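# Coordinate analysis (summary)
Spelled out, the chains give:
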Amino acid sequence: MRETSEDIKDETGLYRLSFTQLLEQLDAYLKQSNETGILLMDSRSTQHTSIQDGRLLRVYRDWKSQTKSSNFVELPLFGFSEFYTGLQLADYVVYLIDRSSKEAGTASGNTELEEAFNLLEPKIQLLKIPILPPKINFEYR
């Protein structure tokens, strides 16, 4: 049974619901594009603990078990951004997108960052993740 906004009781439930919605949107995009994909994520854990990464794996496995078919080819992979140029680049691009959206229409801004964003903008495809309407679960007693 998929979680709904009514099932959220704490931060872990919100994290679970958010990641599940992200997985559904990414998988729908892969299917629409007739592509397969792998999730490479910046590790949220330290070298001494894997609690947060383990939480993501559990959510992914639960989602995968409830999904008829998925275009993800294996479990998510985790890495530390300081060791992977691709993760560093993804962090930088997200930072540029976030900064440019916050500074849109303002006179403030960093010229070098604007130039960097303008170089990358034609290669960026933003996908808006819609907020799903809450599902109402009726129980007859």
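Structure report, in brief.

Thresholds, definitions, all that
- Residues numbered from 1 in each chain as written.
- Predicted model: local features only at pLDDT ≥ 70, side-chain atom pairs only at ≥ 80, totals over all residues.
- Heavy atoms only, no water.
- Helix = DSSP H or I, 4+ residues; strand = E, 2+ residues; numbered from the N terminus.
- Buried < 20%, exposed > 50% of the residue type's maximum accessible area, 1.4 Å probe, protein only.
- Contact = heavy atoms within 4.5 Å.
- Areas by Shrake-Rupley, 256 points an atom, 1.4 Å probe, with all protein chains shown as cover.
- Patch = residues over 30% accessible without salt bridge, like charges linked within 9 Å, V, L, I, M, F, W, Y side chains within 5 Å.
- Salt bridge = Lys/Arg side-chain N within 4 Å of Asp/Glu carboxyl O.
- Axes fitted to C-alpha atoms, helices over the stretch in contact; angles between N-to-C directions.
- Parallel < 35°, antiparallel > 145°, perpendicular 65-115°, else oblique.
- Nonpolar A, V, L, I, M, F, W, Y, C, P; charged D, E, K, R; others polar.
- Left-handed = near helix turned anticlockwise from the far one by under 90°.
- Phe/Tyr/Trp six-rings, centres within 6.5 Å; stacked < 30°, edge-to-face > 60°.

### A few points about the overall build of the protein chain
Tallying secondary structure elements over the protein chain gives 4 helices and 2 strands in all. Each helix (α) and strand (β) of the protein chain, taken in turn from the N terminus, gives the series α-β-α-β-α-α. In the protein chain, which comprises 141 residues, the share counted as buried stands at 26%. Pairs at least 24 residues apart make up 60% of the contacts formed inside the protein chain by residues separated by at least 6 positions. Total accessible area on the protein chain is roughly 10700 Å²; 56% of this is exposed by carbon and sulfur atoms.

### Considerations on a nonpolar patch on the surface
Together, Ile38, Leu40, Val73 and Leu77 give the surface a local cluster of nonpolar side chains, amounting to about 350 Å² of exposed area. Overall, leucine 40 belongs to the partly exposed group, its relative accessible area being 46%.

### What to know about the packing of helix α3 (residues 85-103) against helix α4 (residues 111-120)
Two elements in contact, α3 and α4, have axes separated by 10 Å at closest approach and are oriented at 110 degrees. By the angle between their directions, the pair α3 and α4 is classed as roughly perpendicular. Counted together, Tyr92, Val93, Tyr95, Leu96, Ile97, Arg99 and Ser100 of α3 and Leu113, Ala116, Phe117 and Leu120 of α4 form the full contact between these two elements. Classifying every residue of the contact of α3 with α4 by side-chain character gives 9 nonpolar, 1 polar and 1 charged.

### Observations regarding the side chain of aspartate 42
Relative to the helices and strands, aspartate 42 is located in strand β1 (residues 40-42). Residues within four places of aspartate 42 in sequence aside, it is in contact with Gly79, Phe80, Ser81, Leu87 and Asp91.

### Quick word on the packing of helix α1 (residues 11-33) against helix α2 (residues 51-65)
Closest axis-to-axis distance for the α1/α2 pair is 10 Å, and the angle between their directions is 55 degrees. Considered as vectors, α1 and α2 are oriented oblique to each other. For α1 against α2, the interelement crossing comes out right-handed. Here α1 contributes Thr12, Tyr15, Arg16, Phe19, Thr20, Leu23, Glu24 and Asp27 to the contact with α2, which in turn contributes Arg55, Leu56, Val59, Tyr60, Asp62 and Trp63. Within the contact of α1 with α2, the residues separate by chemical class into 7 nonpolar, 2 polar and 5 charged.

### Things to note about the environment of glutamate 121
Structurally, the position occupied by glutamate 121 is in the segment after α4. Sequence-wise, glutamate 121 and isoleucine 97 are 24 residues apart; in three dimensions their C-alpha atoms are separated by 8.7 Å.

### Considerations on the packing of aromatic side chains
For any two aromatic rings, the description comes down to two numbers: the centre-to-centre distance and the angle of the planes. Considering all chains together, one arrives at 4 aromatic pairs under this definition. Ring geometry for tyrosine 60 and phenylalanine 72: centres 6.2 Å apart, planes at 70 degrees, overall edge-to-face. Taken together, the residues tyrosine 60 in helix α2 and phenylalanine 72 in the loop between α2 and β2 (77-79) connect sequence positions 12 residues apart. This pair shows no difference in class: tyrosine 60 is buried, exactly as phenylalanine 72 is. Aromatic pair tryptophan 63 and phenylalanine 72: ring centres 5.9 Å apart, planes at 70 degrees, arrangement edge-to-face. Classification of phenylalanine 72 by relative accessible area gives buried; the value is 5%.

### Here we look at the pattern of salt bridges
All chains considered together, the criterion is met by 2 salt bridges. Here arginine 16 makes a salt bridge to aspartate 62, at a shortest N to O gap of 2.3 Å. Placement of the pair is arginine 16 in helix α1 and aspartate 62 in helix α2, with a sequence separation of 46 residues. Lysine 31 serves as the salt-bridge partner of aspartate 27, at 3.0 Å between the closest nitrogen and oxygen. With a gap of 4 residues between them, aspartate 27 and lysine 31 both fall in helix α1, about one helical turn apart. Classification of aspartate 27 by relative accessible area gives buried; the value is 3%.

In short, the description is geometric, and any link to function would need to be established separately.
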